[in-house]
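Descriptive structure summary
Letter by letter, the chains look like this.
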Amino acid sequence: MQAIRDAILRDAPSEEIAALALPDTMRAAFVRKDEQDMFAGMESADKDPRKSLHIDQVPIPPLGPNEVLIAPMASAINFNTVWTTIFEPLSTFKFLERFGQESVLGARHDLDHHIVGSDAAGVVLRTGPGVHGWKAGDRVVVHCNYVDLQQPQGHEDSMLDPNQRIWGFETNFGSLADIAMVKANQLIPMPTHLTWEEAASLALVLATSYRMLASPNSAQMKQGDVVLVWGATGGLGGFATQLVLNGGGIPVCVVSSEEKAELLRAVGVEHIINRSEEGYQFFDEAGEPDFAEYRRFGKKIRSLVGEDPDIVFEHPGRATFGASVFVAKRGGTIVTCASTSGYQHSYDNRYLWMNLKRIIGSHFANYNEAWQAIRLVDKGMIHPILSKTYPLEQAAEAAWQVHRNLHTGKIGILVGAPQTGLGVQDDVKRAKHLGRIMAYERFT
Ligand code: NDP
């Protein structure tokens, strides 16, 4: 691997990278099938990715049609790696088994180890038959929508394809490895002013937030819309906040500490709610919704911005969903992509139908949405929110921090890159945007 890394670091020409021999095995971070029941019976919070995520040598996957082997120089921790490493809500080996039954190519993924990771910035090493438009040496970021569109349903929006998967979560050969395997239609040119680790921290959460707010498939935020953003310094929320500001909306940001509120003020957010300080208890002792608390929350939003939210950007799930439906404006939209605190939500339907609100379910993003979202970064309109970076060997520690909500923004992982700060292709452009980049990287 060292020869490959050296060639990438000195920006070797395409032909030289294409001619480099690949090793038989590589370093990778993976969970093991024979350990999938290791946390049975434990509370979620006590399940520790540091016990289940291993770093060791594994074989390099065989390349198929329309596929590409890349050398990730950096990756990032997403919450889906937390789910994989705590085997919740189910073991991801179930996804791999199902994929294995689908096709001969799918069977390559059904192994006794699952290489995780759904974000990467790196370099193309090999292209399989049928790949055009990409060649060895290209610097890319990878988005995680893994789909080959062999069925009709996905042809207007690939997220609707029945066989759509999330790479590195529902497939094997993810980004926390010296070599990762992706489909050619997952590649996007790397923004030229970013480092490897900054570029690797973008695609999954940014593209998800973009689809939820800005795409025709979702809430379609307009200029002046008030948008309530939960977890506004987290992965999704950090980008949602930027997208709202960039699109002329008015973010009302919820966070859990004064430190996080301060970070938001530093990037120009005016309306912030510290949920720890306010101490909202949306459920009473019997577990029933507490409408007085919903009202107190709604009043707080009105006191800040003078009106109710046009859009609520939802992902905490059970803990907040009832309140999110309640506080949305008459005719407003609740857009949701997750249920971190629990999948079984309840809300009072009177407040939904009588006030003509709507709930939109959203999941990752199609290729075009991911491309458009990364384009905003390349244009210097949206910035990475990378707070810390660890080497691959400490990926499990990083996953544990995300699991326990000890992070802000994104946590990066160096895979091929020997240190942070490398990979920038356009220093002039970086200098132009450095102030904003540093402001968002203060999310630390
Ligand atoms: P992060 O952990 O980076 O951020 C989530 C933030 O939500 C936290 O920082 C926290 O902020 C807030 N939060 C957590 N629990 C609660 C709670 N009980 N009440 C209120 N706020 C809470 O995670 P991500 O943003 O990366 O992902 C969030 C969820 O979205 C995960 O479940 C993830 O799996 C899912 N997801 C789904 C995607 C999809 O395509 N469907 C794509 C990406 C993520 P604070 O403490 O400051 O309030």
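A brief structural summary. (Residues numbered from 1 in each chain as written. Predicted model: local features only at pLDDT ≥ 70, side-chain atom pairs only at ≥ 80, totals over all residues. Heavy atoms only, no water.)

1. Let's talk about the packing of aromatic side chains
The description of an aromatic ring pair rests on the distance of the ring centres and on the angle between the ring planes. What the rule picks out here adds up to 17 aromatic pairs. Measuring from ring centre to ring centre gives 5.1 Å for Phe 79 and Trp 83, while their planes differ by 55°; the resulting arrangement is tilted. Here the residue Phe 79 and the residue Trp 83 both occupy positions in helix α4 (residues 79-85), the gap between them amounting to 4 residues, near one helical turn. Residue classification places Phe 79 among the partly exposed positions, given a relative accessible area of 29%. Seen in terms of ring centroids, Phe 282 and Tyr 294 are 5.8 Å apart; in terms of plane orientation they differ by 65°. Their pairing is edge-to-face. Here Tyr 294 lies in helix α12 (residues 291-305) and Phe 282 lies in the loop between α11 (275-278) and α12, a separation of 12 residues in the sequence. (Phe/Tyr/Trp six-rings, centres within 6.5 Å; stacked < 30°, edge-to-face > 60°. Helix = DSSP H or I, 4+ residues; strand = E, 2+ residues; numbered from the N terminus. Buried < 20%, exposed > 50% of the residue type's maximum accessible area, 1.4 Å probe, protein only.)

2. What to know about the pairing of strand β12 (residues 250-255)
Within β12, 5 of the 6 residues are buried, leaving the element largely enclosed by the surrounding structure. Bridge count between strand β11 (residues 226-229) and β12: 4 bridges; the pairing is parallel. Counted as the bridge partner of Val 226 is Ile 250 from β12. Where the polypeptide runs from β11 across helix α9 (residues 235-246) and back to β12, its parallel neighbour, the crossover connection is right-handed. (Pairing = 2+ DSSP bridges. Right-handed = clockwise from strand over helix to strand, strands pointing away.)

3. Focus on the sheet that holds strand β2 (residues 54-59)
Taken together, the 3 strands give an open sheet; going across it, the order is β2-β1-β4, and neighbouring strands pair in antiparallel fashion. Two strands lie at the open edges of the sheet, namely β2 and β4 (113-115), each paired on one side alone. The mean angle between the axes of side-by-side strands here comes to 60°, regardless of whether they run parallel or antiparallel. Strands β1 (25-32) and β4 of the sheet are contacted by helix α5 (residues 93-102), whose axis makes an angle of about 95° with β4. (Axes fitted to C-alpha atoms, helices over the stretch in contact; angles between N-to-C directions. Contact = heavy atoms within 4.5 Å.)

4. Re the site of the ligand
Contacts to the ligand come from 26 residues, most closely from Ser 256, Arg 275, Thr 340, Phe 364 and His 407. A distance of 2.9 Å separates an oxygen atom of the ligand from a polar side-chain atom of Trp 83. Leu 236 places a main-chain nitrogen or oxygen 2.8 Å from an oxygen atom of the ligand. Surface burial for the ligand is 89%, taken as the share of its 910 Å² of free accessible area covered by protein chains. Breaking the shell around the ligand down by element, the ones donating at least two residues are α4, α8 (203-213) and α9. (Near = heavy atom within 4 Å. Polar contact = N/O pair within 3.5 Å; in protein donor to acceptor, adjacent residues only side chain to side chain. Areas by Shrake-Rupley, 256 points an atom, 1.4 Å probe, with all protein chains shown as cover.)

5. Brief notes about the side chain of Ser 201
Note that Ser 201 resides in the loop between α7 (196-200) and α8. Judged by relative accessible area, which is 0%, Ser 201 ranks as buried. Reaching out from Ser 201, the side chain makes a polar contact with the backbone oxygen of Glu 198 at a distance of 2.7 Å.

6. A word on the sheet that holds strand β13 (residues 271-274)
Strand pairing in a sheet relies on backbone hydrogen bonds, with the paired strands running either antiparallel or parallel. Taken together, the 6 strands give an open sheet; going across it, the order is β13-β12-β11-β14-β15-β16, and neighbouring strands pair in parallel fashion. On the outer flanks of this sheet lie β13 and β16 (358-361), each paired with one strand and no other. Sheet twist, expressed as the average angle between the axes of neighbouring strands with direction ignored, equals 20°.

7. A closer look at unusual backbone geometry
With omega at -10°, the peptide bond leading from Glu 88 into Pro 89 counts as cis. With respect to the helices, strands and loops of the structure, Pro 89 is situated in the loop between α4 and α5. A positive phi angle, close to 25°, is found at Phe 364, a residue other than glycine. With respect to the helices and strands, Phe 364 occurs in the loop between β16 and α15 (367-378). If you check the backbone angles, Asn 405 has positive phi at about 55° while not being a glycine. Residue placement: Asn 405 occurs in the loop between α16 (395-403) and β18 (410-414).

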